[in-house]
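Letter by letter, the chains look like this.
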Amino acid sequence: MTPKARTVPPKETAMKLIYTASQVREAEKPYIEAADYDGYLMQRAADAVAAEAQDLLRGKDNAKILLLIGPGNNGADTIYAGARLSAKGHRVDAVIFDSSEKNLELIAREGGEGTRVLDPEHTHEQLAGYDLTIDGILGTGSSGAVRGSAGEYLGVLRAAQLDGKLGAVLAVDTPSGVDNNRGTVHEPSLRADRTVTFIGHKLPAGTSHSVHSGDIKLYDLGVPEALDAHKPALRVLDREDYRELIEIPDEHSHKYTRGVLGMLTGSLEYPGAALMSVRAALNTGVGMVRFGANSHELRQLMIAHNPETVYFSGAPALQRVTVWAGGSGSSYDSLDKNRYLLHSPEPAILDAGACDLAAEYMATGKHLGSHKILTPHAAELERFLRVVHELAPETWKKHLGEAIVPSRKDIDAEPFRWVRAASELSGATVMLKGGYTLIAAPNGATYSVAGGSPWLATAGSGDTLTGIYGALLAQTVAAFDARGEALENCTYASIGALAVYLHGEAARASATGSVKDALLGPAPATRVADMLPEVIARLIAE
Ligand SMILES: NC(=O)C1=CN([C@@H]2O[C@H](COP(=O)(O)OP(=O)(O)OC[C@H]3O[C@@H](n4cnc5c(N)ncnc54)[C@H](O)[C@@H]3O)[C@@H](O)[C@H]2O)[C@@H](O)CC1
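- In the nomenclature of an unreviewed UniProt entry, the protein chain corresponds to ADP-dependent (S)-NAD(P)H-hydrate dehydratase from the organism Rothia mucilaginosa.
- The heading Subunit (unreviewed entry) in the UniProt record of the protein chain holds the text "Homotetramer."

Okay, here's the thing in structure tokens:
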């Protein structure tokens, strides 16, 4: 008997919290033990799947639906959901992959009157006929690539999907093939149009692998507190969270309370990097930029392009600075000055080449601290990890044991793992830049920010981001100092998330000149920098 359907609306939270499958399973355990599982949590899960399926079918009657049913509870959720859809008049077929026959018995008992169980061999040719496929092969119990006949069948479905011959796909809890503990995806795996996820968001949601899940709808199944005691693996801030992180000046503010950003960026080889990073910092509202020009030519260029800049030529240690940023566009000669940023009492952002300096520094057995921030992209992170493995083997062993140095592909496959590894190894805050940017605080939170625009993939983009990040951090540190408050370990990371977010917003706005009707289009770095005042003003005004 199918209980009466109750639709549980998705839970809307401000900050999106993302967990590993193990955390979710541990959090669910007491509820499963306390409740009549099939009759409570699972029925709510089935309600949610059926409601989202109906929504995807956009009111279509008599739709043809294919259920893919695996051996565990993910399959059972799908059987109960199929029964609800069959009761609504849809034609429901099921393919069952379950050697234990547990779910075969369940579908015979609970699958609903009209549900037909098909032999997988006979459905190959008919795939094009289904309006909706519900992927209930594996959920949080999955490990590795989908094995056996289910894996083969998924391969056939995926090929049909690539040929445009498959209808809509709804994944139950998580697309099959996704490893929710490591955040990796094993092929074959269907790209879902939508995923109905239960209790908490699962790890791949905050990385570029979320493309496999489509639109993710979270249902808490009536136990919203289940994960309260667990520290999320990833956090995704929302617009309001970002707004609250901005330090807004008042009538008592002066340039020093607004923060002084010391910048050691650019070189004669890459003068543009200096101009762009400084311009971005100035447009982010910092009190002052002190620029460490290492040549007369660069100084002249800087004054011509960014007259607000104050330059210095002496030792960085003698400068009054709130936060440092360096490394972007530094060449071999100018990079030497960046070494100071490893020792400075002030926080420092170490971009590009300066990341290599950090790896060398660790060879001396030293840790950097959360106020030192590395901002590599995947190729730079690979190099950083390789150098640490080579020069600081004891540190590597202590934190990562026998793990081998990842390739760039490994980092793309498991960005969460490797950004956390870099942070734990170095003790620094690490921002791994990419389509999704992850920012890890040592022993703490990791933030994820989805890319604002793929058009940001241009030379100069990273230099601009360094300027924004440095400027925001200088403002934050100065404001905390003025209030006599100490920055938390993870604030360096959350300000990094804000920087990435504003960078993305400015890129979106750069195509049309207005954030109001932002469209995606080219986002050259200087133009992105010039959109920042408007983007920030609009965020504050909301
Ligand atoms: N725990 C809860 O509170 C709730 C859980 N629910 C569902 O329960 C699911 C978890 O159920 P299970 O623990 O039974 O796990 P799954 O249904 O994800 O799968 C477990 C089964 O798959 C097999 N398996 C694992 N990896 C495989 C692979 N690579 N290839 C082939 N077979 C593989 C395992 O041997 C095991 O038999 C969740 O994803 C969710 O859909 C829902 O009922 C809602 C409530």
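1. Overview of the sheet that holds strand β11 (residues 215-219)
Consideration 1: Strands sit in the order β4-β3-β2-β5-β6-β9-β11 across an open sheet of seven strands; the sheet is parallel. If you trace the sheet from one side to the other, it starts and ends with β4 (116-118) and β11, each paired once. Taken over all neighbouring pairs, the strand axes of this sheet differ in orientation by 20 degrees on average, direction set aside.
Consideration 2: Judged from the six bridges that link them, strand β2 (residues 64-69) and strand β3 (residues 91-96) form a sheet pairing that is parallel. Looking at the pairing, Lys64 lines up with Arg91 of β3.
Consideration 3: Its contacts with the sheet place helix α3 (residues 73-87) against β2, β3, β5 (132-136), β6 (168-172) and β9 (194-198), and it is angled at close to 160 degrees to β2.

2. A short note on the site of the ligand
Consideration 1: Near the ligand there are 25 residues, and of these Glu28, Asp77, Gly139, Ala145 and Asp173 occur at the shortest range.
Consideration 2: Note that a nitrogen atom of the ligand is positioned 2.7 Å from one of the backbone N or O atoms of Ala145.
Consideration 3: Contacts to the ligand include Asp173, whose side-chain N or O atom sits 2.5 Å from an oxygen atom.
Consideration 4: Surface burial for the ligand is 83%, taken as the share of its 880 Å² of free accessible area covered by protein chains.
Consideration 5: For the shell around the ligand, the residue count by class is 11 nonpolar, nine polar and five charged.

3. With respect to the UniProt feature "binding site: AMP" (unreviewed entry) in the protein chain
Consideration 1: UniProt annotation of "binding site: AMP" (unreviewed entry) refers to Lys433, Gly434, Gly435, Tyr436, Thr437 and Gly462 when read in the numbering used here. These annotated residues cover 30 residues of sequence, and their C-alpha atoms lie no more than 13.9 Å from one another, placing them together at a single site. Considered against the largest pocket, the annotated residues that line it turn out to be Lys433, Gly434, Gly435, Thr437 and Gly462.
Consideration 2: Inspection of the secondary structure assignment puts Gly435 in the loop between β19 (429-432) and β20 (436-440).

4. Points about empty space enclosed by the protein
Think of a ball as big as a water molecule: rolled over the atoms, this probe shows where empty space is left.
Consideration 1: The full count for this structure, using the stated rule, is two cavities of 30 Å³ or more.
Consideration 2: If you add up the space inside the largest cavity, you get close to 90 Å³.
Consideration 3: Contributing to the lining of the largest cavity are 13 residues, with Asp173, Lys202, Ala205, Ser213 and Ile216 lying nearest its centre.
Consideration 4: When its residues are assigned to classes, the lining of the largest cavity shows five nonpolar, six polar and two charged.
Consideration 5: Estimated volume of the second largest cavity: approximately 50 Å³.
Consideration 6: Forming the walls of the second largest cavity are Leu264, Thr265, Gly266, Gly292, Asn294, Ser330, Ser334, Lys337 and Asn338.
Consideration 7: When residues of the lining of the second largest cavity are assigned to their parent elements, the largest contribution, three residues, is made by helix α10 (residues 332-338).
Consideration 8: Tallied by class, residues from the lining of the second largest cavity come to one nonpolar, seven polar and one charged.

5. Some remarks on the packing of helix α17 (residues 461-483) against helix α18 (residues 491-510)
Consideration 1: It is at 9 Å that the axes of α17 and α18 come closest, and there the two elements cross at 130 degrees. Considering the angle they form, α17 stands oblique to α18. In this structure, α17 meets α18 at a crossing whose hand is right-handed. The segment α17 lies against α18, with Ser461, Thr464, Leu465, Ile468, Tyr469, Leu472, Leu473 and Thr476 engaging Thr491, Tyr492, Ala493, Ile495, Gly496, Leu498, Ala499, Val500, Leu502 and His503.
Consideration 2: The residue inventory of the contact of α17 with α18, partitioned by class, reads 12 nonpolar, six polar and no charged.

6. Description of the packing of aromatic side chains
Consideration 1: Applying the stated criterion across every chain yields a total of four aromatic pairs.
Consideration 2: Its guanidinium or amino end placed over the ring of Tyr256, Arg320 lies 3.7 Å from that ring's centre, counting from NZ or CZ.
Consideration 3: The residue whose ring lies beneath Arg483 is Phe480, and the NZ or CZ to ring-centre distance is 5.0 Å.

7. With respect to the pattern of salt bridges
Consideration 1: What the rule picks out here adds up to 25 salt bridges.
Consideration 2: A salt bridge links Arg386 to Glu382; the nearest nitrogen and oxygen atoms lie 3.1 Å apart. With Arg386 and Glu382 both in helix α13 (residues 378-391), this residue pair falls four residues apart, about one helical turn.
Consideration 3: Each of Glu52, Asp55 and Arg194 takes part in a single network of salt bridges with overlapping partners.

8. Quick word on the pairing of β19
Strand residues, when the strand is regular, have side chains that alternate between the two faces of the sheet.
Consideration 1: Residues of β19 alternate between two faces, with Thr429 and Met431 on one and Val430 and Leu432 on the opposite face, all of them buried.
Consideration 2: Of the strand pairs in this sheet, strand β18 (residues 372-375) and β19 are connected by two bridges, and their pairing is parallel. Opposite Ile373, over in β19, you have Thr429 as the bridge partner.
Consideration 3: Here three bridges tie β19 to β20, and the two strands are oriented antiparallel to one another. Counterpart to Val430 in the pairing with β20 is Ala440.
Consideration 4: Hairpin connection, β19 to β20: the antiparallel pair is bridged by three residues.

9. Quick notes on the domain arrangement of the protein chain
Consideration 1: Taken domain by domain, the protein chain holds domain 1 (19-231) and domain 2 (241-372 + 456-541).
Consideration 2: Computed over C-alpha atoms only, the centres of domain 1 and domain 2 are separated by 45 Å.

10. Description of the layout of surface pockets
Consideration 1: In this structure, the largest pocket spans a volume of roughly 640 Å³.
Consideration 2: If you trace the largest pocket, you find 29 residues lining it, with Lys433, Leu456, Thr458, Ser461 and Gly462 closest to the centre.
Consideration 3: Contributing elements (two or more residues each) for the lining of the largest pocket: β21 (446-450), α17 and α18.
Consideration 4: Per-element tally for the lining of the largest pocket: the top contributor is α17, with four residues.
Consideration 5: A per-class count over the lining of the largest pocket returns 11 nonpolar, 14 polar and four charged.

11. Structural notes on the side chain of Thr197
Consideration 1: The topology assignment puts Thr197 in strand β9.
Consideration 2: A relative accessible area of 2% means that Thr197 is categorised as buried.
Consideration 3: Filtering out sequence-adjacent residues up to four positions away, Thr197 remains in contact with Asp173, Lys202, Ile216, Lys217, Leu218 and Tyr219.

Scoring rules and cut-offs
- Residues numbered from 1 in each chain as written.
- Predicted model: local features only at pLDDT ≥ 70, side-chain atom pairs only at ≥ 80, totals over all residues.
- Heavy atoms only, no water.
- UniProt positions renumbered as here; feature names shortened; annotations may be inferred.
- Pairing = 2+ DSSP bridges.
- Helix = DSSP H or I, 4+ residues; strand = E, 2+ residues; numbered from the N terminus.
- Axes fitted to C-alpha atoms, helices over the stretch in contact; angles between N-to-C directions.
- Contact = heavy atoms within 4.5 Å.
- Near = heavy atom within 4 Å.
- Polar contact = N/O pair within 3.5 Å; in protein donor to acceptor, adjacent residues only side chain to side chain.
- Areas by Shrake-Rupley, 256 points an atom, 1.4 Å probe, with all protein chains shown as cover.
- Nonpolar A, V, L, I, M, F, W, Y, C, P; charged D, E, K, R; others polar.
- 1 Å grid on protein atoms, 1.4 Å probe; cavity = no way out; pocket = protein on both sides within 12 Å on 5 of 7 lines; lining within 4 Å.
- Points joined across faces, edges and corners; volume = space filled by probe spheres on them.
- Parallel < 35°, antiparallel > 145°, perpendicular 65-115°, else oblique.
- Left-handed = near helix turned anticlockwise from the far one by under 90°.
- Phe/Tyr/Trp six-rings, centres within 6.5 Å; stacked < 30°, edge-to-face > 60°.
- Lys NZ or Arg CZ within 6 Å of the ring centre and 35° of its normal.
- Salt bridge = Lys/Arg side-chain N within 4 Å of Asp/Glu carboxyl O.
- Buried < 20%, exposed > 50% of the residue type's maximum accessible area, 1.4 Å probe, protein only.
- Domains from an automatic or database assignment.

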